[in-house]
Amino acid sequence: MNNSKQLFERAQHTIPGGVNSPVRAFKSVGGTPVFIEKADGPYIFDVDGKRYIDYIGSWGPMLLGHNHPAIRQAVQQAAENGLSFGAPCPAEVDMAELVSQLVPSMEMVRFVSSGTEATMSAIRLARGYTGRDTILKFEGCYHGHADSLLVKAGSGALTLGVPNSPGVPADFAKYTLTAEFNNLPQLEAIFAERGQDIACIIVEPVAGNMNCIPPAPGFLEGLRALCDQYGSVLIFDEVMTGFRVALGGAQAVYGVQPDLTTLGKIIGGGMPVGAFGGKRAIMQHIAPTGPVYQAGTLSGNPLAMAAGLAALNAIRQPGVYEALTEKTSQLIAGIKAAADKHGVPLATTQVGGMFGLFFTKEQAISNFAQATQCNIEAFKQFFHLMLNEGVYLAPSAYEAGFLSLAHSEADLAATIAAADRSFAKLAA
Ligand code: PLP
C-alpha cells in the first residue's frame, strides 16, 4: 500500500471523509486522493515521491506558481515580527490601497480570512444597506458555504450532488432566489415580480464552479441595469476571477462595475485571505462606521497581508496577463486538437488564466443545465489517465482549471502529449 493510501486510511478515522474540504476526497472520480508533501513552481509532489504538473494551483491562488520566492521571503520576514497582533498593522493599509488601486470599484476594502467570509459579509452588508432580505444567485454558481448561499450551488456541493445542503433551514433558503446563468429574460421577469424585495444579485462574473462558463455578451450589463432600476446591490464574486482573468478581474475584462466585489484566493498568495469592498457609501455601513456587524480575530493578519502584497506586486508587472493568457490558450488549443484527433467530443472555454474542458458534442456551454449534461464518465476516465501520466487536474467535472506563470513551454507540451495518449485510450 502506498503512502497516500495509508494516510487516507488513517485520516478517515479522525477527519470526516479523510479531508478538510470535500472535493479533495476524489469521491466523484473514485480512487484515493494523493497526499501532497511539497509544491514548487508548476509542480506538486506526492508523499510517494511522484511529481505532477498541477492545474489546480491550490484551487486558484497559485497564479505565480507554488513556493514563489518573493512570497515565501515576505512571509518569513513578517514572521520574524510575530504572527498576529489583533490590532491594526501597516501592511493592511498598504494592501487596502493596492487592492483599491488595482480594482478601482473597490473604493473601500475589508479583509477577512476566506472567500466564504467575504461573500457572507457582502451579502449581510447588501441586506443591511438596502433593508431587504431576499437575495438572488445563479444555478451552479458557488459562493462559499454560508447558509443563504448553499442553494443550487456549484463546486463541491454540485460534485457531491448536494447543491442544497441539509442543515440550511428552509426559512433561510426561502430568501435566496435562483435564476439561470446567462438568461437575462428570465431574470427580468423575476425582477418585474420581486425586484423591490431583492437586496442584491451575487454572481460569479465568469462562472468557475460549474466548470468554466463565461458570461454571454450583454449578460453582466443586464445585471447592472436591473440593479440600477430596482435599487439592488450588484455583487461580483471575484474570489476566483479576481487577478485570475485580468489584473482588474472580470469587471475589467467585461467593463461592468459592480457595487461590491468579493476577493479571495490570489490576494492571499496562498495564505488564508479574503476581502470584500466597493462603493464607499455602501462600505460605510459596516461596523465600526455603520451598524452592519462584521469582525475577525485574524482578519488583516500580518503574514497573510505580507504574502498578499508580495503576490500582487509580482503579478502587477507588465506582460504578466498577456503571458498567462497566451500559455492558457496554447494549452487549450493543444488539448482540443488531441481530442479531435482521437474523435473525443470536447468543448473548451477560457478567460485569461482559467479554462474549462467539457466532454460534450455541444459547441458552446452557457449554463448549469448544459454543464451537467456533459459526459461525466468520460471526464472521470480522462482524469485518472492524466493523473497516471503525472498531470493533476481538478478531481471534478465541475471545476475550472488554472494555469500559473511558472508553467513552461515544456510543461505545456508534456501535458498535451499526456492528453493525446489519454484520449487515445479513452477512444479505444
Ligand atoms: N466564491 C467563489 C467564486 C469561489 O470559487 C469560492 C471557493 O472556491 C468561494 C467563494 C469560497 O472561498 P473559500 O473556499 O476561500 O471560502
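Source: prediction; values computed, not measured.

### Details of the confidence of the model for the protein chain
In the predicted model, the protein chain carries a mean pLDDT of 95, and 98% of its residues have values of at least 70. Scoring of the predicted complex yields 0.97 for pTM and 0.99 for ipTM.

### Details of helix H2 (residues 69-79)
Considered for burial, the residues of H2 that qualify are Ile71, Ala74 and Ala78. Down the axis of H2, the sector holding all buried residues measures 65 degrees, keeping them to one side. Structural note: H2 exposes Pro69, Gln73, Gln76, Gln77 and Ala79 on the side pointing more than 90 degrees away from its buried face. Summarising the contacts, the buried residues of H2 are in contact with helix H11 (302-315).

### Notes on the site of the ligand
Near the ligand there are 17 residues, and of these Ser114, Gly115, Thr116, Gly144 and Val239 occur at the shortest range. Sorting elements by how many residues they give to the shell around the ligand places helix H4 (residues 115-130) first, with three residues. Of the residues that constitute the shell around the ligand, the class distribution is four nonpolar, eleven polar and two charged.

### Quick notes on the nonpolar core
One finds Ala126, Cys200, Val233, Ile235 and Ala275 to be the most contacted residues of the largest nonpolar core, which totals 128 residues. Here the element with the most residues in this core is H11; it accounts for ten residues. When residues are assigned to domains, this core turns out to be shared by domain 1 (3-67 + 318-427) and domain 2 (69-315), each giving three or more.

### A word on the sheet that holds strand S6 (residues 176-179)
Ordered by their spatial adjacency, seven strands build an open sheet running S4-S10-S9-S8-S7-S5-S6, and the pairing between neighbours is mixed. The sheet terminates laterally at strand S4 (108-112) and S6, the two strands that pair on one side only. For this sheet the average axis-to-axis angle between neighbouring strands, irrespective of direction, equals 20 degrees. Bridging between strand S8 (residues 233-237) and strand S9 (residues 260-263) involves three bridges; their strand directions are parallel.

Criteria and cut-off values
- Residues numbered from 1 in each chain as written.
- Predicted model: local features only at pLDDT ≥ 70, side-chain atom pairs only at ≥ 80, totals over all residues.
- pLDDT = per-residue confidence, 0-100.
- Buried ≥ 20, exposed ≤ 12 C-beta atoms within 10 Å, placed from the backbone.
- Helix = DSSP H or I, 4+ residues; strand = E, 2+ residues; numbered from the N terminus.
- Arc of directions from axis to C-beta.
- Contact = placed C-beta atoms within 7 Å.
- Near = placed C-beta within 6 Å.
- Nonpolar A, V, L, I, M, F, W, Y, C, P; charged D, E, K, R; others polar.
- Core = buried A, V, L, I, M, F, W, Y, C linked by C-beta atoms within 7 Å.
- Domains from an automatic or database assignment.
- Pairing = 2+ DSSP bridges.
- Axes fitted to C-alpha atoms, helices over the stretch in contact; angles between N-to-C directions.

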